[in-house]
Amino acid sequence: MKSIAEIAKILTSLGIRRSRIFPRGARQSNDTYYERFFDGVVSGEFNDDDDAAGALYGSKAGDVRFTTLKSRLREVLLTALVNIEPRQYELGELMQVTLHCKKNLICARLLLVFGARSTGMDLVKRSMRKSEKYHLTELALECALMTQRQSAVTGHRPSFQKAAKTVRLHLENLNAETQAETLWSELAIEFARSRSYKSDMLAKARKHTARIGALRDKHNTRSLNQTYFRMQILQSQIARDYSRTLEYCDRINEYYLEHPHFSNLARQREIAIIKLNGYTFLRDFENGRELAHKALEELFSGREPGWYNINELHFLLCMHTGNYSLAAEIFVTVTNSKRFEYTTAQTLERWRILEAFLRYVLSHTGAEAPPEKATTFERRFNVYKFLNEVPIFNRDKSGFYVPILIVHILFQLEQGDFLSILDRAETLRQYSSRYLRKAGYARTNTFLKMLKIMIDQDFDPDLTRTKTAKHLERLADRSADFDPVLEVTEVIPYEVLWSMVMKRLKELRTSEGVG
């Protein structure tokens, strides 16, 4: 079911019509079952195989009719995916050429098997020219091997020798590219698992960058240049040098400008997201806003998952720079988009949590959502429902459950619900000592300690302010314990959030005599 759901989601996001997926020319009796199965998966009616089998055949998932239908539907969807026109779906020039060459080589192999050598080798030669122009090393090597093999069969020695030389060249290039990719991947996975600063990781990054640089100097292929720039970017992220990150992002963009036919849409999107993340770290609203607008106009169509990533980072940039009205506009744009309800459950949940912080900050600052969309915006959020529901991130001990815990306490404080906050005191202690490693989550640990102090001081604003002064000073110092993993979950800067907490404590003491 998962495989079918993933393929169906891609086809749906690309806007491919059902008539192209299920041709009506020679309809078979199973066609309606295919379409019914597909529609049930896309709409979310079928959550698993038992749901689908029950609706289609009134049976369990083990029914041979269902397993056969499922297998054949998967093949139908894969065929539809293979037959998409890259140019039509804005996959970028490099992807268009790659897919075109791969299709040509498949046809060439079939032609050679059936003895159509002239036509088959013509396709190989065409693919070779394209592959070498766009530095598609694996495909170029495949073309060279096919040429070498055919030259050997026909006994044409000059062609064989030329092809053998080309095979060696592309094999050396591919070996260098593979080495570089492996070095980058080794560090990328380590960084993804633990983004806290580690001196040994930075030393390894510098060593790997130098090794990839040496390979690049010798071979200078598109892939090696891209991996080298990506390694430099990763090294700067590990070092928390976000100005340098932006510099390296600009370098790879300059490389694409110098070699426009190497421009890779997927990489350009990746670079845009990295740059916007850097602007968020640096609190550079003007450049970040300009980048977000340009990226959304030129790189993201709204069909790909990255569209949500770039909008989330744009949202966070606004929240971190006090541009709350613009954050509200971004929220409305994303949640009102046609494909929003079809995105992943995790994405839906993340935007629910982001909305909770937005609602909280709007109540403190007086900023408002766009008037023409305010009704829709207002209707989306119910604080009582949010507080009573347990989001799907409740198992995510060191991830997005942290802001869920924080925003719950914030709203409970707004309501003066001290008993509910007291019930969370033990959870705060556990998260600080058990789930969040101090080296990796210094800012969150600091803020959670401040909340715990607030509880320990019976919500007394004066005592809380005194006891948390040193922690607040630490949070305000952006150079202290700066950790990239927190910026996605630190929806509002903790020092700004704390000022709102203290304001509310003072209001509660004045109105209710707390403390």
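The structure we're discussing is the one just above.
We now turn to the structure provided with this report. (Residues numbered from 1 in each chain as written. Predicted model: local features only at pLDDT ≥ 70, side-chain atom pairs only at ≥ 80, totals over all residues. Heavy atoms only, no water.)

## What to know about the overall build of the protein
Step number 1: What the protein contains, in helices and strands, is 25 helices and zero strands.
Step number 2: Out of the 515 residues in the protein, the part that is buried amounts to 49%.
Step number 3: Expressed as a percentage of contacts within the protein between residues at least 6 apart in sequence, the contacts between residues at least 24 apart total 67%.
Step number 4: A total of about 25800 Å² of accessible surface is found on the protein, and carbon and sulfur atoms cover 49% of it. (Helix = DSSP H or I, 4+ residues; strand = E, 2+ residues; numbered from the N terminus. Buried < 20%, exposed > 50% of the residue type's maximum accessible area, 1.4 Å probe, protein only. Contact = heavy atoms within 4.5 Å. Areas by Shrake-Rupley, 256 points an atom, 1.4 Å probe, with all protein chains shown as cover.)

## Thoughts on the packing of aromatic side chains
Step number 1: The full count for this structure, using the stated rule, is 16 aromatic pairs.
Step number 2: Taking the centre distance of 6.0 Å and the plane angle of 90 degrees together, the rings of Phe-447 and Trp-498 count as edge-to-face. Placement of Phe-447 in helix α23 (residues 442–456) and of Trp-498 in helix α25 (residues 494–512) is noted, with a sequence separation of 51 residues between them. This pair shows no difference in class: Phe-447 is buried, exactly as Trp-498 is. (Phe/Tyr/Trp six-rings, centres within 6.5 Å; stacked < 30°, edge-to-face > 60°.)

## A few points about the packing of helix α4 (residues 49–57) against helix α5 (residues 64–82)
Step number 1: Relative to each other, α4 and α5 sit at 110 degrees, their axes nearing to 10 Å. Taken together, the axes of α4 and α5 lie roughly perpendicular to each other. Like other packed secondary-structure pairs, α4 and α5 cross with a definite hand, here right-handed. Contacts between α4 and α5 involve Asp-49, Ala-52, Ala-53, Leu-56 and Tyr-57 on the former and, on the latter, Arg-65, Phe-66, Leu-69 and Lys-70.
Step number 2: Taken together, the residues of the contact of α4 with α5 break down into six nonpolar, no polar and three charged. (Axes fitted to C-alpha atoms, helices over the stretch in contact; angles between N-to-C directions. Parallel < 35°, antiparallel > 145°, perpendicular 65-115°, else oblique. Left-handed = near helix turned anticlockwise from the far one by under 90°. Nonpolar A, V, L, I, M, F, W, Y, C, P; charged D, E, K, R; others polar.)

## Things to note about unusual backbone geometry
Step number 1: Residue Arg-240 is not a glycine yet carries a positive backbone phi of 60 degrees.
Step number 2: Backbone geometry places Phe-459, a non-glycine residue, at a positive phi of 65 degrees.
Step number 3: Secondary-structure assignment places Phe-459 in the loop between α23 and α24 (461–476).
Step number 4: For Phe-459, a relative accessible area of 5% corresponds to the buried category.

## What to know about the side chain of His-320
Step number 1: Looking at where His-320 falls in the secondary structure, it is placed in helix α15 (residues 306–320).
Step number 2: Residue classification places His-320 among the buried residues on the basis of a relative accessible area of 7%.
Step number 3: Of note is the side chain of His-320, whose polar atom sits 2.5 Å from the backbone oxygen of Glu-490. (Polar contact = N/O pair within 3.5 Å; in protein donor to acceptor, adjacent residues only side chain to side chain.)

## Some details on the pattern of salt bridges
Step number 1: Using the criterion set out here, one finds 21 salt bridges in the structure.
Step number 2: Between Arg-465 and Asp-462 there is a salt bridge, and its shortest N-O distance comes to 3.5 Å. You can see Arg-465 and its partner Asp-462 sitting in helix α24, three residues apart, about one turn around the helix.
Step number 3: Residue classification places Arg-465 among the partly exposed positions, given a relative accessible area of 42%.
Step number 4: For Asp-462, a relative accessible area of 44% translates into the label partly exposed.
Step number 5: Taken together, the shared-partner salt bridges in this structure form one network comprising Asp-460, Asp-462, Arg-465 and Arg-509. (Salt bridge = Lys/Arg side-chain N within 4 Å of Asp/Glu carboxyl O.)

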